[in-house]
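Residues per chain are reported as follows:
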Amino acid sequence: MPAKRTLTAGPACYLGGVLLSILATALFVAGTIGLAWLALLFGAGMVVCGFWLQSGQKGLEEDLQRQIDRGDLLELELAQQRRTIDVLADGLDVAVFICDERATILYANRRAMEMFRFDSPVGRSLVAVTLSYDLEQIVLTAWRERRTVDQELPFTYPAEQTSLVRAWPNVDENRVYLTLYEITSLRRLERIRQDFVANVSHELRTPLTVIRAMAETLLDEIEQPTEKQSRYLGRTIEEVDRLSLISNDLLILSTAESNPVRKHACDLADIVKSVAQGFEKLAAEKKLDLRLELPKKLEISANAAQMNQVAINLIENAMHYTLEGEVHVALSSDAKGAVLRVSDTGIGIASEHRERIFERFYRVDKGRGRMTGGTGLGLSIVRHIVEAHGGTVSVESELGRGSSFTARLPRE
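Computed from a predicted model, the values in this text were never measured in an experiment.

Draft legend 1. Spatial organisation of the sheet that holds strand β2 (residues 105-108). Across the sheet, five strands lie side by side as β2-β1-β5-β4-β3; this open sheet has antiparallel pairing. At either margin of the open sheet sits one strand with a lone partner, and together these are β2 and β3 (149-155). When the angles between neighbouring strand axes are averaged without regard to direction, this sheet yields 25°. Note that strand β4 (residues 161-170) and strand β5 (residues 175-182) share eight bridges and pair antiparallel. Note on β5: the bridge partner recorded for R166 is T179. Along the sheet face, helix α5 (residues 133-145) touches β1 (95-100), β3, β4 and β5 and points at about 25° away from the line of β4.

Written out as structure tokens, the structure is:
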């Protein structure tokens, strides 16, 4: 509006100056000299004002044109950037949705339309396109709680598939960004691996039992076995026992990975106490001080058999790698749940091994692991069981000064 007033003010001032000049001439003719000079003075002022406004008009017109040109350039650059982003998003092997705060789709890339076989999803609700109420709730939760939500989600439409889903909000633009990365093949391969491990472990039991029985029979039936016979048959029995332990641990690990946890109320203090008492004989043989620090009762919702396995593996691991000193088993609770800590004064773990200590078959000292009869699966089993219960497991250690393993388990 100011620009429009400026564009008409210049000519109006010129016109006013001309009219005042005519009036001044008329006054001179009439002999009214004072008024004539006053009219002439005002007329000259209006002409000067018109000139000034005319110059300002030109400058404003130039500024306006520059702003228009700049706006066109910015709009062109913005359109180019949008096309670039669209091309990039369409080239991704990840489904991308942009939704508003009500989970209405504002944008979907090519992979998203292919995944749910929907040609024009823009403007429709997310649940109408994906037929997944859970996916819609992830978007609404991300917006409502103003946080990033990550979840692995199965879909039944348009085909059985599993995806890693991530949703995060953009409060300034009232949008929620949603990505889905399909891992159906990965999960299928994982199930095949778990089934293979479980089946092989199960099938190994029978031949291992037969081999051990035959070796024991030979050793018992020979009245005076030679030193070589005793050594070889004894070694055979030892290795069969080691393979049996590996087979059993593989079955336990496979069960922890694949089967859902069946929880019920159990007294974790009683479980840990019972397990620790089973190691008192080994502690006495190794001259170790097995120290317990347990509450009288600590109830949590968990699988009692699996909690028993966690306690066995943590205490057994501490016993095997402690030559002197003590093994301290402590159980406590905090606001989040139960905390089981098993500390020792053993050989410790170097920093380069600490990140991998919970991997299956990983041993810091491979020779010592074989000597103690370990399978290399104990800590891996602990991690899978604890995480399946919604908890975490961690380790603190210093080489030559011992280790401390901590398992945190939620009450519910």
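Draft legend 2. Representation of the packing of aromatic side chains within the structure. Within this structure, the stated rule accounts for four aromatic pairs. Relative to F116, the ring of F97 lies with its centre 6.2 Å away and its plane at 45°, an arrangement referred to as tilted. A residue pair is termed long-range when its members are at least 10 positions apart, and F97 in strand β1 and F116 in helix α3 (residues 110-116) qualify at 19 residues. Given the relative accessible area of 0%, F116 is considered buried. Between W168 and Y177, the aromatic rings sit 5.9 Å apart at their centres with planes inclined by 25°, giving stacked as the arrangement.

Draft legend 3. Main features of the environment of D249. Note that D249 resides in helix α7 (residues 227-258). For the pair D249 and I381, spaced 132 residues apart in sequence, the C-alpha to C-alpha distance is 7.8 Å.

Draft legend 4. Molecular detail of the side chain of Q309. By secondary structure assignment, the location of Q309 is in helix α10 (residues 304-320). When residues no more than four places from it in sequence are discounted, the contact partners of Q309 are I252, I381 and I385.

Draft legend 5. Just the pattern of salt bridges, in detail. The tally for this structure, following the rule as stated, stands at 18 salt bridges. Across the salt bridge formed by R166 and D150, the nearest N and O atoms sit 2.6 Å from each other. Here the residue R166 occupies a position in strand β4, and D150 occupies one in strand β3, the gap between them amounting to 16 residues. In this structure, E227 and R231 form a salt bridge, with 4.0 Å as the shortest nitrogen-oxygen distance. Within this pair, E227 and its partner R231 are both found in helix α7, separated by four residues, close to a single helical turn.

Draft legend 6. Structural context of the sheet that holds strand β11 (residues 392-398). Strands sit in the order β7-β9-β10-β12-β11 across an open sheet of five strands; the sheet is mixed. Whereas interior strands pair on both sides, the edge strands pair on one side only; in this sheet they are β7 (289-293) and β11. Put simply, the sheet's adjacent strands are angled 10° from each other on average, direction ignored. In the sheet, strand β10 (residues 337-344) pairs with strand β12 (residues 402-410) via seven bridges, with the strands oriented antiparallel. Bridging across to β12, R341 finds its partner in T406. Contacts between α10 and the sheet are confined to β7, β9 (326-333), β10 and β12, with β10 contributing the most and set at about 20° to the helix.

Draft legend 7. Broad picture of the pairing of β5. Pairing between β1 and β5: six bridges, direction antiparallel. When the bridges of β5 are listed, C99 appears paired with V176. In sequence, β4 turns back onto β5 through a hairpin of four residues, with N174 there showing a positive phi of about 55°.

Scoring rules and cut-offs
- Residues numbered from 1 in each chain as written.
- Predicted model: local features only at pLDDT ≥ 70, side-chain atom pairs only at ≥ 80, totals over all residues.
- Heavy atoms only, no water.
- Pairing = 2+ DSSP bridges.
- Helix = DSSP H or I, 4+ residues; strand = E, 2+ residues; numbered from the N terminus.
- Axes fitted to C-alpha atoms, helices over the stretch in contact; angles between N-to-C directions.
- Contact = heavy atoms within 4.5 Å.
- Phe/Tyr/Trp six-rings, centres within 6.5 Å; stacked < 30°, edge-to-face > 60°.
- Buried < 20%, exposed > 50% of the residue type's maximum accessible area, 1.4 Å probe, protein only.
- Salt bridge = Lys/Arg side-chain N within 4 Å of Asp/Glu carboxyl O.

What is shown is where atoms sit, not what they do.
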